[in-house]
Amino acid sequence: MADGSGNMTAMDLYESLTSQGELVRTLKTEKAVKADIDAAVKLLLKLKADYKQVTGQDYKAGCPPLESTVLEDTGPAAAVDGEDMVDPWNVSTTSAKGVDYDKLIVRFGSSKVDQELVDRIERVSGKKPHRFLRRGIFFSHRDMHQVLDAYEKNKSFYLYTGRGPSSEAMHVGHLIPFIFTKWLQDTFDIPLVIQLTDDEKYLWKDLSLEDCHRYAVENAKDIIACGFDVNKTFIFSDLDYMGASPDFYRNVVKIQKHVTFNQVKGIFGFGDSDCIGKIAFPAIQAAPSFSNSFPQIFKGRKDIQCLIPCAIDQDPYFRMTRDVAPRIGYPKPALLHSTFFPALQGAQTKMSASDANSSIFLTDTPKQIKNKVNKHAFSGGKDTIEEHRKYGGNPDVDVSFMYLTFFLEDDEQLDKIRQDYASGALLTGELKKRLIDTLQPMITAHQERRKQVTEEMVLKFMTPRPLDFNF
Ligand code: TRP
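Before going into details, it helps to say that this report is about the structure given with it.

What counts, and at which threshold
Residues numbered from 1 in each chain as written. Predicted model: local features only at pLDDT ≥ 70, side-chain atom pairs only at ≥ 80, totals over all residues. Heavy atoms only, no water. Near = heavy atom within 4 Å. Polar contact = N/O pair within 3.5 Å; in protein donor to acceptor, adjacent residues only side chain to side chain. Areas by Shrake-Rupley, 256 points an atom, 1.4 Å probe, with all protein chains shown as cover. Helix = DSSP H or I, 4+ residues; strand = E, 2+ residues; numbered from the N terminus. Buried < 20%, exposed > 50% of the residue type's maximum accessible area, 1.4 Å probe, protein only. Axes fitted to C-alpha atoms, helices over the stretch in contact; angles between N-to-C directions. Left-handed = near helix turned anticlockwise from the far one by under 90°. Contact = heavy atoms within 4.5 Å. Nonpolar A, V, L, I, M, F, W, Y, C, P; charged D, E, K, R; others polar. Phe/Tyr/Trp six-rings, centres within 6.5 Å; stacked < 30°, edge-to-face > 60°. Lys NZ or Arg CZ within 6 Å of the ring centre and 35° of its normal.

**Examining the site of the ligand**
- Near the ligand there are 14 residues, and of these Tyr 160, Gln 195, Glu 200, Gln 285 and Gln 314 occur at the shortest range.
- Residue Tyr 160 places a side-chain N or O atom 2.9 Å away from a nitrogen atom belonging to the ligand.
- Glu 200 places a polar side-chain atom, nitrogen or oxygen, 3.0 Å from a nitrogen atom of the ligand.
- Taken by itself the ligand offers 360 Å² of open surface, and the protein chains cover 89% of this.
- For the shell around the ligand, the secondary-structure elements that each account for two or more residues are β5 (157–163), α8 (198–204) and β8 (305–311).
- Among the elements that take part in the shell around the ligand, β5 stands out by supplying 4 residues, more than any other.

Structure (structure tokens):
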């Protein structure tokens, strides 16, 4: 994130300093050769001096500089001074704890997933709520009570989620909606459609149509490896399905007729020089929210309620969808929104598939996982062991702790880790080891399941066909 003039911004320096501090600590604890430690310390001191020059302040671990730096696209969703910015293409915040999600609920006009809703999901489903619900990771919703009211009266619904296949490499953050969707599917025993927006990635990125389509098929394998039931799940590439399904395309056109350029400009910030493909695309992401886009599954019915689990940055698409739905005679889709999965470097931004060190990839080896966590996971610990023991660490900004809240199933263990880290009883290296021990078997198991996914299985998941449900 250089600032355009080739200089490092305060946030760049802060991030470099943080990882350099980590490196020095790792080298020291691993008793590396003195020359390596000295070189690392020298760079650390240089970065500290640069930081002071740029910000006028001393670097303090856990206290990022007070300025927002990720502002590539200034659409209407962009942040006003000091506010978090969240739209489908950018996420930025100045706080090390990450985006203020309560404020986002107010700004987006959604509802909080409160204890009452979590309890109700438990009552209605008879299953212990997923840890993502217990821990506020799926933190916001639209119309969930309505979905549950109907479900209690034996009215079924279906799930819709998706992924933009921008590369072959998926990271753990990409799995969050799919892990949760799998739980919802198992819990409520309902159909699921998964949209792979290869068309979207072609329009937005410098990629060929063929590459985007190939990534869609490759990504489908990682999605299938999450354990979806082929008899209950339809995965589709837009490039394939749009041309194959007259009903889907009819819905796209209906939506396009009922949304003006002014509206998408307001929602997505499109400008005069954006290609017309981008301007028309939101209708394609909206169409799967309507059950008659899938006649093979819903026998042409248009009244089956849709529930969309997704990260909060996708909400603009579905605000638009919910706005047009009644005007074209369809029910509004309900939503469950998740927080972002933080980058290893800290919760200020979401992870980027283009930076290998910002995330744990699904193809990483156990050794790579260990090194990445040790070297790059932003720490809420103190600079020296003595200080850490005395004052304790800050789990709220510590990325290893954040990752454990996503992946460690046991609530009691997680709570104990939080307390021990905050009191100083647990050191950063020990906390990181807990995370490494959690991630390694999880990623290895994923890789084994992915190996079992054959081309025939992918083809079956991606073939339009009836599912095991009677509508
Ligand atoms: N636009 C999303 C992305 O870039 C992909 C997507 C399409 C999606 N339909 C969705 C995500 C529905 C969540 C829910 O990742």
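Next comes the rest of the account.
**Re the side chain of Thr 321**
- By the secondary structure assignment, Thr 321 is in helix α15 (residues 315–324).
- Given a relative accessible area of 0%, Thr 321 falls into the buried group.
- Reaching out from Thr 321, the side chain makes a polar contact with the backbone oxygen of Tyr 317 at a distance of 2.7 Å.

**Focus on the packing of helix α12 (residues 261–268) against α15**
- Viewed as axis vectors pointing N to C, α12 and α15 meet at an angle of 145°, and their least axial separation amounts to 10 Å. Seen along the crossing, α12 lies across α15 with a hand that is right-handed. For the pair α12 and α15, the contacting residues are Gln 263, Val 264, Ile 267 and Phe 268 in the first and Pro 316, Tyr 317, Met 320 and Asp 323 in the second.
- Classifying every residue of the contact of α12 with α15 by side-chain character gives 6 nonpolar, 1 polar and 1 charged.

**Comments concerning the packing of aromatic side chains**
- Tallying each qualifying case throughout the model produces 32 aromatic pairs.
- Between Tyr 101 and Phe 139, the ring centres sit 4.8 Å apart and the planes meet at 55°, which makes this aromatic pair tilted. Here Phe 139 lies in strand β4 (residues 138–142) and Tyr 101 lies in helix α3 (residues 101–108), a separation of 38 residues in the sequence.
- A relative accessible area of 18% means that Tyr 101 is categorised as buried.
- Under the relative-accessibility criterion, Phe 139 is labelled buried at 6%.
- The ring of Phe 108 carries Arg 319 above its face, with NZ or CZ at 4.5 Å from the centroid.

Everything listed here is a matter of geometry and, on its own, says nothing about what the molecule does.
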